[in-house]
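Structural features, examined
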Amino acid sequence: MTGFFQLLARNRLALAGGVVLSLVILLALVTPLLPLADPDVTDTANRFKLPFSEGALLGTDHLGRDLLSRLLWGTRLSLAVGFAAAIVAATIGSAIGIVAGFYGGRTDNLIMRGVDMLMAFPYILLALAIVAALGPGLFNALIAVAAVNVPFFARNIRGITVGIAHKEFVDAARLAGLSNTRIIVSEVLPNVIPVIVIAMSTTIGWMILETAGLSFLGLGSQPPQADLGSMLGEARSALITNPHTSIVPGLMILVIVMSINLLGDGVRDALDPRLKSGALSRPMAATRVDRKGPLPAPTGAGLLEVQGLQTQFHIKDRVYRAVGGVDLHVAKGECLGIIGESGSGKSVTALSVMGLVASPPGVITGGAAHYEGEDLIGAPYRRLRGMRGRNVAYIFQDPLATLHPLYRVGDQLIEAIRAHRPIGREEGRRKAVELLTAVRIPNPEKRIANYPHEMSGGMRQRVGIAMALANDPDIIIADEPTTALDVTVQAQVLTILDDLRRSRGLAIIFITHDFGVVAQLCDRVAVMYAGRIVEEGRTADILGAPRHPYTARLMACVPEVGGGKRRLEAIAGLPPVVDRLPEGCAFAERCLKAQEACRRDEIPLVRDGASAVRCLYPNDPSREAAE
Ligand code: ADP
Ligand code: MG
């Protein structure tokens, strides 16, 4: 809840609206205590006195009544009726919406068709009809305004409830034997209340206007009682000769409705969970770069060379060092594996290269990523956009989430090509079929007309690969592309990638947490822990004789088929949280060989020929090999 108010306070306009509205409400509340003239006492000798005249701060109206007093009493009444109407409409409308959405079927149909009938009439016409039936009067105006707004709430809340009623936690509550009433109260209601609050905050202003409208027409508050609408209505005839009598209530309506709407927008933004994690802003097109100190120069190693890359997430006053100085490079036709536990910074490293880390909260604070000698970190967005997919393409873990559910896969492939070069419909189709053939999708002419949900997981991932290949990139960064697939499909996908690498000279950076996959595909492998590379080298060397204790422990967790009965050793403890990294080696806490020195200073990555290790007491490869 404190988070909600902080977010709200950060939104200047909403804050201003909130302050103004609070002042108005405060004024309305203390009105009976103020030394005001009686709002209803007429004094025709003193008609149409101008504002700031003796004894009448805002002047008097056509019957000589004190305008200030009428304004404050009128505001009080208008606010009360507006809020009351909003609460009544929200309560009844939401209840209808929840019942319709939760029970569905015939109940839903019956209720919603009734609501549709109400919605078929224009708001104000319907309100007029209701008041005409009930007779004029403020209370009847309230009923009318509330009634015409019920459908709005019912529709909104029904939509949300339908989504929630089929969620797993509701099923779980059903399985636990809870009654429908209990489920609605304890499972559904808490999830729709934010939506109700949002809908209310954005409609109260509208309801105050509607009430004023009815009073203006003489159907709401009856003379001599003042509300803002009736004040406007009575001042209408003197609009030209004595404009102040209309301006005073008119301004008040403007101030109230505007402050409510500004505050309502702020409330809506602050309650939106998607905006909660970051600041109240959209992610930027490319990751924010804020590098200090000298930048590393390219050494010409490989096609893509990442040096000292540091990426952090700045959330409130915390700094999460997700990537803390990563060096790696990959050459044409080479496959580099990046392996590490979940949360070790593999994805963030990969996304940083093309500026794809969401900002805020992500910031690249150091290092460089040279692609053919050009530094991509901090490159202009136009340049990055031109290269994304064209030179460096990505394949992600979940192809169902990366493919658009409403477009055919063929069209999505064509769109990927068109992003970088103009091609005609026919050529696009031909190229799409060609790509699907390249990733060995059987029957590609038929398959391009499929929607993503009509394909199996493995099939979709092949489409993902085809899409990455669409523009003949030089580098493909595959972020756990096979994690969601079963083993046989995984093997097929790996074979496809391996063939493509050989036939097209692709460089592949393959992110995984599976040593089996690394062994099958990668020439070299880098092991990541807590945002840093702890060991790097040729796959055969590392698999044969891991030097960093973490790598060794990680491999001991992998079961081997036909490897006899071996104890699987889970690594005790958890990886450190990256906003509180320990001094020295991040793995020391969990390491069996850790010494005093390991916890003291920064441990450098020591290079020795083709391999490198970040450890003071690495395992000795020659001894291990002899064992
Ligand atoms: P993995 O190695 O499993 O791919 P990631 O690179 O996704 O790990 O994440 C590395 C660290 O960065 C994790 O501690 C994660 O919590 C943090 N992180 C990743 N994305 C975000 C984000 N958008 N906001 C805040 N923290 C993030
Ligand atoms: Mg990841």
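Residues numbered from 1 in each chain as written. Chains lettered and ligands numbered in written order. Predicted model: local features only at pLDDT ≥ 70, side-chain atom pairs only at ≥ 80, totals over all residues. Heavy atoms only, no water.

- Looking at an unreviewed UniProt entry, the chain carries the name Peptide/nickel transport system permease protein, with the source organism given as Albidovulum denitrificans.

**Quick notes on helix H4 (residues 105-119)**
- Here H4 spans 21 Å end to end across 15 residues, near enough to the 21 Å set by a 1.5 Å rise per residue.
- Turning to H4, its buried residues number three or more, namely Asp 108, Met 112 and Val 115. Along the axis of H4, the buried positions cluster into a sector of 55 degrees, meaning they face one direction only. Exposed and oriented more than 90 degrees from the buried face of H4 are Arg 106, Leu 110 and Met 117. (Helix = DSSP H or I, 4+ residues; strand = E, 2+ residues; numbered from the N terminus. Expected span 1.5 Å × (residues − 1). Buried < 20%, exposed > 50% of the residue type's maximum accessible area, 1.4 Å probe, protein only. Arc of directions from axis to C-beta.)

**Regarding the packing of H4 against helix H6 (residues 138-165)**
- It is the contact of H4 with H6, at a shortest axis distance of 9 Å, that shows an interaxial angle of 140 degrees. Relative to H6, the element H4 lies oblique. Viewed along their axes, H4 and H6 form a crossing whose handedness is left-handed. Residues Asp 108, Met 112, Arg 113, Val 115, Asp 116, Leu 118 and Met 119 of H4 pack against Pro 151, Phe 152, Ala 154, Arg 155 and Arg 158 of H6.
- In terms of residue class, the contact of H4 with H6 is made up of 7 nonpolar, no polar and 5 charged. (Axes fitted to C-alpha atoms, helices over the stretch in contact; angles between N-to-C directions. Parallel < 35°, antiparallel > 145°, perpendicular 65-115°, else oblique. Left-handed = near helix turned anticlockwise from the far one by under 90°. Contact = heavy atoms within 4.5 Å. Nonpolar A, V, L, I, M, F, W, Y, C, P; charged D, E, K, R; others polar.)

**So, the domain arrangement of the chain**
- Examined at the domain level, the chain breaks down into domain 1 (2-30 + 59-277) and domain 2 (381-544).
- For domain 1 and domain 2, the distance between their C-alpha centroids amounts to 51 Å. (Domains from an automatic or database assignment.)

**Describing the packing of aromatic side chains**
- A full pass over the atoms with the stated rule returns 7 aromatic pairs.
- Taken together, a centroid distance of 6.1 Å and an interplanar angle of 65 degrees make the contact between Tyr 123 and Trp 206 edge-to-face. Taken as a pair, Tyr 123 in helix H5 (residues 123-134) and Trp 206 in helix H8 (residues 180-216) lie far apart in primary sequence, 83 residues in all.
- Given a relative accessible area of 32%, Tyr 123 falls into the partly exposed group. (Phe/Tyr/Trp six-rings, centres within 6.5 Å; stacked < 30°, edge-to-face > 60°.)

**Comments concerning the site of ligand 1**
- Around ligand 1, the structure places 13 residues, and the nearest of them are Gly 343, Gly 345, Lys 346, Ser 347 and Val 348.
- Here an oxygen atom of ligand 1 and a backbone polar atom of Lys 346 are 2.9 Å apart.
- In the model, an oxygen atom of ligand 1 is placed 2.6 Å from a nitrogen or oxygen of the Ser 347 side chain.
- Relative to its unbound accessible surface of 560 Å², ligand 1 loses 66% to contact with the protein.
- Looking at the shell around ligand 1, the elements with two or more residues in it are strand S2 (304-315) and helix H12 (346-353).
- Sort the elements by how many residues they give to the shell around ligand 1 and H12 lands first, with 3 residues. (Near = heavy atom within 4 Å. Polar contact = N/O pair within 3.5 Å; in protein donor to acceptor, adjacent residues only side chain to side chain. Areas by Shrake-Rupley, 256 points an atom, 1.4 Å probe, with all protein chains shown as cover.)

**Notes on the nonpolar core**
- Ile 465, Leu 469, Phe 510 and Tyr 550 are the most contacted members of the largest nonpolar core, which totals 61 residues.
- If sequence neighbours within four positions are ignored, Leu 469 has contacts with Leu 435, Val 439, Ile 476, Leu 500, Arg 504 and Leu 506.
- With 51 residues, the next largest nonpolar core counts Ala 144, Ile 164, Leu 214 and Ile 260 among its residues. (Core = buried A, V, L, I, M, F, W, Y, C linked by side-chain atoms within 4.5 Å.)

**Structural notes on the environment of Ile 315**
- Along the chain, the position of Ile 315 falls in strand S2.
- For Ile 315, a relative accessible area of 31% translates into the label partly exposed.
- Spatially, the C-alpha atom of Ile 315 lies 8.7 Å from that of Gly 362, the residues being 47 residues apart in sequence.

**As for the pattern of salt bridges**
- Within the structure shown, the criterion is met by 29 salt bridges.
- With a shortest N-O distance of 3.3 Å, Arg 590 and Glu 341 are connected by a salt bridge. Here Glu 341 lies in the loop between strand S4 (335-339) and H12 and Arg 590 lies in the loop between helix H22 (549-556) and strand S12 (606-608), a separation of 249 residues in the sequence.
- Judged by its relative accessible area of 8%, Arg 590 falls in the buried class.
- Here Glu 480 and Lys 346 are joined by a salt bridge, their closest N and O atoms 3.9 Å apart. On the criterion of sequence distance, the pair formed by Glu 480 in the loop between strand S8 (475-479) and helix H19 (487-504) and Lys 346 in helix H12 is long-range, its members being 134 residues apart.
- Judged by relative accessible area, Glu 480 falls into the buried class, the value being 10%.
- By relative accessible area, which is 4% here, Lys 346 ends up buried.
- Salt bridges here are not isolated pairs; linked through shared partners, they connect Asp 40, Asp 61, Arg 65, Arg 70 and Glu 234. (Salt bridge = Lys/Arg side-chain N within 4 Å of Asp/Glu carboxyl O.)

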